[in-house]
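Residue-level structural notes
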Amino acid sequence: MSLFDDLPEPSARSDPAGGLAQIEKDIRRVFYDAFKKTDGDFLREACQQRPHWRDGSTASVVLLVNNTLYIANLGDSKVVLAREVEETVDTDSTTSRAGNGSPKSTLITAVSLTRDHNPMDYEERQRIQATGATVQNGRVNNILEVSRSFGDYQFKKQGVTCLPDVRKCQLTAHDRFVLIACDGLWKSFPPEEAVALTNRLLMKELESAVVTFTGSKTNSPSSSTAGLTQRHLDSVCSHLVNEAVLRMSGDNVTCILLAFPTAFVSNNVNANAEDNGCQTQDSVHLLSSHISVQEPPTKVSKLT
């Protein structure tokens with residue numbers, strides 16, 4: 001299976017009852033139904049206002065099932081996964097001949113799990129133009145810069161749909177966290193920079209924390225997530241949002257951080273967890289935080 005796939009995908013295992021394949025079809029249907037209901041509720045509320053709301057919104061939603069992450073997105077909000085990869089470091093020929101192998105360094109890479117819905121994309125443009133609408137300067141009728149959204153009732157008959165793309169990603173022991181954010185953040189941060197900064201901030205938070213491990217024999221999140229707390233994630237989200245504002249994002253900024261806590265504990269803590277029966281790789285636990293600003297805060301501090 002590739003890193004991430006559009007749904008539905010055939011099951012990797014032969015299942016005459018259609019088990020996994022049927023479950024994934026059901027997940028896609030649930031996403032579709034939820035997005036359509038949200039759009040309908042939004043439009044009804046908009047039409048009851050005087051004057052009518054002409055607003056719209058993008059959305060990104062993730063669903064974690066065991067070690068598989070299912071992602072649904074609408075518009076230009078993004079879901080980005082931070083994953084560790086090993087890079088071989090060049091060494092001299094003496095080391096290579098000695099049979100020690102080349103040393104490796106660990107890098108944190110950004111993996112985009114969503115696709116922006118841009119009116120300039122071929123399939124999106126074809127759907128819009130089939131209604132008689134136009135795409136000018138990368139916008140629907142030279143106004144709307146996304147081709148899928150909630151609300152935006154004046155464009156709903158012009159090919160702008162609320163149906164999301166749905167994908168899945170198989171998580172690994174090398175995954176550290178997931179960033180979900182609207183374009184207010186991504187206008188200020190390319191994904192690679194956002195992931196690098198988030199990782200640096202998380203490590204800085206942990207350096208100032210006292211890591212304790214109780215050695216409990218349970219496999220609950222509290223016994224296998226030593227060191228990472230809600231407070232740490234709240235602090236990192238605040239830093240990201242404030243920095244986006246300082247970089248003159250010019251838009252509202254919403255950021256959600258989902259962390260896999262076992263990726264942020266030391267090797268000896270992981271070893272203790274495994275010795276005591278805690279699952280550090282086979283099951284995924286999450287901590288999350290959410291920060292949103294509609295207007296620039298009255299006081300923000302520059303990151304150092």
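Residues numbered from 1 in each chain as written. Predicted model: local features only at pLDDT ≥ 70, side-chain atom pairs only at ≥ 80, totals over all residues. Heavy atoms only, no water.

**Considering the nonpolar core**
- Ranked by internal contacts, the top residues of the largest apolar core, which has 28 residues, are Phe 177, Leu 179, Leu 185, Trp 186, Leu 202, Leu 240 and Leu 257.
- Contributing elements (two or more residues each) for this core: β5 (78-88), β11 (175-181), α4 (183-186), α5 (191-207), α7 (230-246) and β12 (253-259).
- At seven residues, α7 tops the list of elements feeding residues into this core.
- Apart from residues no more than four positions distant in its own chain, Leu 179 is found in contact with Lys 78, Val 79, Val 80, Trp 186, Ala 194, Val 195, Thr 198, Leu 240, Cys 255, Ile 256 and Leu 257.
- Core analysis: the next-biggest nonpolar cluster, separate from the first, contains twelve residues, Leu 69, Val 111, Leu 113 and Cys 169 among them. (Core = buried A, V, L, I, M, F, W, Y, C linked by side-chain atoms within 4.5 Å. Buried < 20%, exposed > 50% of the residue type's maximum accessible area, 1.4 Å probe, protein only. Helix = DSSP H or I, 4+ residues; strand = E, 2+ residues; numbered from the N terminus. Contact = heavy atoms within 4.5 Å.)

**Here's the deal with the pairing of β12**
- The buried count for β12 comes to six of seven residues, which makes it a mostly enclosed element.
- Of the pairings in the sheet, the one linking β11 to β12 comprises five bridges and is antiparallel in character. Looking at β12, one finds that Val 178 is bridged to Leu 258.
- Sheet topology note: the β12/strand β13 (residues 287-293) ladder contains seven bridges and is antiparallel. Looking at the pairing, Thr 254 lines up with Ser 292 of β13. (Pairing = 2+ DSSP bridges.)

**Quick look at the pattern of salt bridges**
- This model, assessed by the stated rule, comprises 19 salt bridges.
- A salt bridge links Asp 175 to Arg 83; the nearest nitrogen and oxygen atoms lie 2.5 Å apart. Of this pair, Asp 175 sits in strand β11 while Arg 83 sits in strand β5; the two residues are 92 residues apart in sequence, bridging distant segments of the chain.
- Since its relative accessible area comes to 3%, Asp 175 is described here as buried.
- Two residues, Asp 121 and Arg 115, come together in a salt bridge whose shortest N-O distance is 3.5 Å. (Salt bridge = Lys/Arg side-chain N within 4 Å of Asp/Glu carboxyl O.)

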